[in-house]
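So you can see what is in the structure, the chains are spelled out below.
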Amino acid sequence: MTEETAVSEKELQLLVLDVNGEQHEVITEPRRTLVDVLRHDLRLTGTHVGCEHGICGACTVLVDDRPVRACLMFAAQAEGARIRTVESLSDGDRLGDLQRAFSAHHGLQCGFCTPGFLMLAEGFLAERPEATKDEIREVVAANLCRCTGYQTIVEAIDGCATARRQACANLCDSKER
Amino acid sequence: MSQQKLVGRSVARREDPRLLSGRGRFVDDIALPGMLHAQFVRSTIAHGEIASVDLSAVRQVPGVVAAFTADDLELGDITAQLGRPLSEFVPTSMPVLARDKVRYVGEPLAIVVARDAYAAEDGLEAARVTYTTLPPVTSEEAALAPGAPLVHAEAARNTLVDVSLFATDGIDQVFESAPCVVDVETRTGRQNALPLETRGAVAHWDDREEQLVLHTCTQIPHQVRTVAARCLRLDERAVRVVVPDMGGGFGQKCVVGREEIAAAAAALRLRRPVKWIEDRKDALSASFLAREQHYQVRAAFDADGRILGLDADVVCDMGAYSCYPFTAGIEPLMASAEMPGVYKVPAYRVRGRAVTTNKAPTAPYRGVSRPQYVMVVERLFERAARELGLDPVEIRRRNVITDFPYTGVNNITYDPGSYLESLNLCEQLVKDEGWYGKQDAATAEGRHIGIGYACFSERTGYGSAAFAQRKMQVVPGFDISEVRMDTSGAVTVTTGTMSHGQSHETTMAQIVADELGLDIAKVRLHQGDTDRITYGFGTFASRSITIGGSAVRLAAAKLGDKLRAIAAARWDIDPDDVELTDGVARRRDDASDVLSYEDIADIAYLQAHLLPKDIEPGLTAAATFDVFNDGTFSNATHGVVVELHEGTGRVEILRYVCVEDCGVAINPQVVEGQCRGGIAQGIAGALFEQVTYDDQGEPSATSFMDYKVPTAHEIPDVLIHHLETPSAFTETGAKGAGEGGTIGAPAAVLNAVNDALRATGVELDNTPVTPETVHRALHLEAPS
């Protein structure tokens, strides 16, 4: 039984993953999850693991722009897709607007769930920039946070969405003039 | 002239940039060359003698490097002690790996070390363990039943703690003659503190330092060092505990874990780095749990609703082992000492017991017994109000302590707080939003809206005196801070406390920046490294800003004295005539004459020949702080409006109002974050979360499908109003703010639920209040 369940070295496979716009070659077992490959093979440790069964959402990344639980996906399944992690949100030391909103609203305490919420919101706002606060709360309910009580996470995402819409409106105004 | 103070302002968190950009460093982010991965063979039965542990097949599994049993590693046990007689406390030992007996499902029996975590789990599958099963003890009643099987042979009646702290003379007569006596029996569910980051450690032996380095996510690094050194039979110097960023703790990580010690032992044996990351299944079922308690309490009142006496029996189901360093006394002793709370209780009797059962062991969890006894006491007041026909807020008004300092029947002296003010204001906020009118309108429509309150205080800043009174062998009281300024005028400050989300890097820096007149960017906090921090007890019991923050301020003040002394010597004036502001020392009599901190540091380090004879080179200072009285009490009133839904039994929280007083709020945004997060955890305990066990001791909750952690759907927005009664004896005026939210929420929610049920005649006193219970209550005919 042990011999049957064990994975031998021969079953390694070569994967090419597109992560944050860079191509990465990884030699790994087929059973290795996307989050483990991101974290431990590519050393992109910003994405976290909270439950390994798809509930808590700490491992949320974008796969072809859509939020995905990276603990429920094998790395092999992500070949050919565009993967984005929390590391893509800032430009060097300069935080992106969503990250700044989380800080301004105190939307994080220990910070462990935060990358998951950031990528969830990043994917969601790209799809629904006009989202209402209620819709945002609905989406925030997809992930678990144990520190904040969620209110400030909702406010941060709503604040970011509002600011983006305002910036967009200003741009349109100035073009019209 | 001087710069604006930072204390009291919501300055941006120093922690945020790295945590928001994925550049934090949590324990599972650590990778060392040649690192191996550990997992644990765990007991599949709740109670039994170990007949054999056969790891031979494990060692054949591809990728497995080693596997060890207790006999292979020969480690010392983890033993927590109270200095109480055997009649009050029975010490028991927790082996790092189970040796002769297993006492709960999930108890670690052997450690498997492999080249990666996948192979380690493959290895677990090949382990063969045989047991002689024993009947499991799975409830408090079973534990106390005559002839019950013993979880620990040395603990008769499965009782680890049995203490009767108070019994006022004549209390029986008080109850006999009182016009109103009410009682409450409450059972509270076993909960998991549930930090989103599970426990974990990375251990390696450093040959150059001749030291075991243990990276572990713990709230108590120095206590882990002590236990690791004892279990591994090393000098403490030869163990360095380093704490990386922590993904929450809430108490579960303020006890020493067996797995972190076993991982260290494996690293020592193999001379290779070993990482252990707990998976969620183990975290839910085999980690440290909390809160399963049974209260039988009665209270006597006079006809005007003034409380005359409180008589309580508390039994806490502590599971299989005493936790280190707190022991199984943590919950019963907390409840016994503090239960009278914010009320003027003239007579008090209490018996507190801890029983041991075949369930995962327990640790302190945010609030520690206070969420439970506050709930019980608040239920008693609600019930008395109903009996006496009084308004539930009015009966509290007649009983809360208003003259401070107040020494209670429990021999605790309460420092000034705003008990009555918070109660009145909370009620006013609920009234102002029109909830009483909305409740009447809903009732007329046949809907079920209820309003409930909880008024409570929370002892924070437990110093040596308070913990010594509990007779703990490890008395966690003082904290030490060291402050160092370098030649660029930047400051490094240490604390023995350990932030796991509470923003200490920000709040402690605010304190130092104010004290030294420095830009906060020039201040950097160090915590969680036993080689860098002289000593510290870590973070729990809302002690960090009260005790740690006070030590930090005192150390910074001492460094300030030295800066002033050096500057004064240069100017040949009295140090009192020098002020520190905006990063410079300035003559009070001539504001244009300044010495920058860089200038002073140059003298202290690079041109020490310029120093006066009585001033030593260097710019360092250290200070300790302890609390020698009963601590400082934060207080709050929570007001909750709920609606019960007939069809589903769902409890919907329509409004949550919190009026809190934690003295001087160093950073109001951080305090509000603590309130909201604490309230969310309190609501979780009141309505959702519970680990149950079947009659064989099998835990029900092994995934998030079974353990219902509330989401943004269930947790409401919280309106927070601050009052400020500064503490007279912390250095900043701050009181602790970490636990209050969790303490008040269950009582307020339960009172609101019962208010909504008032037409049914049903009263619910157990938590969690599940939809099934509410549904049943709503569909019962009210007894006529």
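Rules and cut-offs
Residues numbered from 1 in each chain as written. Chains lettered and ligands numbered in written order. Predicted model: local features only at pLDDT ≥ 70, side-chain atom pairs only at ≥ 80, totals over all residues. Helix = DSSP H or I, 4+ residues; strand = E, 2+ residues; numbered from the N terminus. Buried ≥ 20, exposed ≤ 12 C-beta atoms within 10 Å, placed from the backbone. Contact = placed C-beta atoms within 7 Å. Pairing = 2+ DSSP bridges. Right-handed = clockwise from strand over helix to strand, strands pointing away. Axes fitted to C-alpha atoms, helices over the stretch in contact; angles between N-to-C directions. Core = buried A, V, L, I, M, F, W, Y, C linked by C-beta atoms within 7 Å. Nonpolar A, V, L, I, M, F, W, Y, C, P; charged D, E, K, R; others polar. pLDDT = per-residue confidence, 0-100. Parallel < 35°, antiparallel > 145°, perpendicular 65-115°, else oblique. Left-handed = near helix turned anticlockwise from the far one by under 90°.

## Considering the overall build of chain A
Phase 1: Of the regular secondary structure elements, chain A holds six helices and five strands.
Phase 2: Order of helices (α) and strands (β) in chain A, N terminus to C terminus: α-β-β-α-β-β-β-α-α-α-α.
Phase 3: Viewed in the frame of its principal axes, chain A has a C-alpha envelope of about 70 × 35 × 25 Å.
Phase 4: Residue burial in chain A is summarised as follows: out of 177 residues, 53% are buried.
Phase 5: A fraction of 58% describes how many contacts in chain A between residues 6 or more apart in sequence connect residues 24 or more apart.

## Re the pairing of strand β23 (residues 523-526) of chain B
Residue and element names in this part refer to chain B.
Phase 1: Burial along β23 is one-sided: V523 and L525 are buried, and none of R524 and H526, which face the opposite way, are.
Phase 2: Here four bridges tie strand β22 (residues 491-494) to β23, and the two strands are oriented parallel to one another. Residue pairing across strands places T494 opposite H526, the latter belonging to β23.
Phase 3: Taken together, β22, helix α16 (residues 504-516) and β23 form a β-α-β motif whose crossover is right-handed.

## Quick notes on the sheet that holds strand β12 (residues 211-216) of chain B
Residue and element names in this part refer to chain B.
Phase 1: If you walk across this open sheet you meet the seven strands as β3-β7-β1-β14-β11-β12-β13, and the pairing is mixed. Since the sheet does not close on itself, it has two edges, and those belong to β3 (64-69) and β13 (239-242), each with one partner. Neighbour-to-neighbour, the strand axes of this sheet turn through a mean angle of 25 degrees, independent of strand direction.
Phase 2: For β3 and strand β7 (residues 108-114), the ladder comprises five bridges, and the chain directions are antiparallel. Along β7, the bridge assignment pairs A67 with V112.

## Here's the deal with the nonpolar core
Phase 1: A110, I111, V112, V113, A266, V512 and V749 of chain B are the most contacted members of the largest nonpolar core, which totals 308 residues.
Phase 2: The residues contacting V749 of chain B, other than those within four sequence positions of it, are G452, V640, V642, I683, A686 and L687 of chain B.

## Some words on unusual backbone geometry
Phase 1: The omega torsion of the bond from Y324 of chain B to P325 of chain B falls at 5 degrees, within 30 degrees of zero and hence cis.
Phase 2: Look at H106 of chain A: it is not a glycine, yet its phi comes out positive at around 55 degrees.
Phase 3: Looking at the secondary structure, you find H106 of chain A in the loop between α3 (97-104) and α4 (114-127).
Phase 4: For H106 of chain A, a count of 26 C-beta atoms within 10 Å corresponds to the buried category.
Phase 5: Backbone geometry at D572 of chain B places phi at a positive 60 degrees, although glycine is not the residue there.
Phase 6: Taking the C-beta count within 10 Å as the criterion, D572 of chain B has 6 such neighbours and is therefore assigned exposed.

## Quick look at the sheet that holds strand β24 (residues 578-581) of chain B
Either a parallel or an antiparallel arrangement is found when strands of a sheet pair, and the pairing is made through backbone hydrogen bonds.
All names here are of chain B.
Phase 1: With antiparallel pairing, the three strands of this open sheet are ordered in space as β24-β25-β26. Strands with a single pairing partner mark the edges of an open sheet, and in this sheet they are β24 and β26 (594-596). The average undirected angle you get between the axes of adjacent strands in this sheet is 25 degrees.
Phase 2: Here β24 runs beside strand β25 (residues 584-587); their pairing, made up of four bridges, is antiparallel. From the neighbouring strand, T581 faces β25, where its bridge partner is V584.
Phase 3: Strand contacts of helix α17 (residues 544-571): β24, β25 and β26, with the helix running at about 130 degrees to β24, the strand carrying the most contacts.

## Brief notes about the interface of chain B and chain A
Quoted interface sizes are often the accessible area lost when the parts come together.
Phase 1: With 49 residues of chain B in contact, the opposing surface of chain A contributes 47 residues.
Phase 2: Sorting elements by how many residues they give to the side of chain B that touches chain A places helix α19 (residues 668-688) of chain B first, with six residues.
Phase 3: Its residues assigned to classes, the side of chain B that touches chain A shows 21 nonpolar, 14 polar and 14 charged.

## Focus on the confidence of the model for chain A
Phase 1: In this model, chain A carries a mean pLDDT of 93, and residues with pLDDT of at least 70 account for 93%.
Phase 2: When the criterion is pLDDT under 50, residues 1-7 of chain A qualifies, and its contacts beyond four places in sequence or with other chains add up to 12 contacts.

## Overview of the pairing of strand β1 (residues 36-42) of chain B
Residues and elements named next belong to chain B.
Phase 1: For β1, the buried fraction is high: seven of the seven residues fall into the buried class.
Phase 2: Note that β1 and β7 share six bridges and pair antiparallel. Across the sheet, the residue bridging to R42 is P108, located in β7.

## Examining the environment of V112 of chain B
Residue and element names in this part refer to chain B.
Phase 1: With respect to the element layout, V112 can be found in strand β7.
Phase 2: On the basis of neighbour count, V112 is assigned to the buried category, with 29 C-beta atoms found within 10 Å.
Phase 3: C-alpha of V112 to C-alpha of V64: the two residues are 48 residues apart in sequence and 7.2 Å apart in space.
Phase 4: For V112, the residues in contact, after removing those within four places along its chain, are A38, Q39, V41, V58, V64, A67, A120, G123 and L124.

## Description of the packing of helix α7 (residues 221-232) of chain B against helix α8 (residues 258-270) of chain B
Residues and elements named next belong to chain B.
Phase 1: Interhelical geometry of α7 versus α8 gives an angle of 50 degrees and a closest axis separation of 10 Å. Taken together, the axes of α7 and α8 lie oblique to each other. As α7 packs across α8, the resulting crossing turns out to be right-handed. Along the contact surface, α7 presents V224, V227, A228, C231 and L232, while α8 presents E260, I261, A264, A265 and L268.
Phase 2: Looking at the contact of α7 with α8 residue by residue, the classes come out as nine nonpolar, no polar and one charged.

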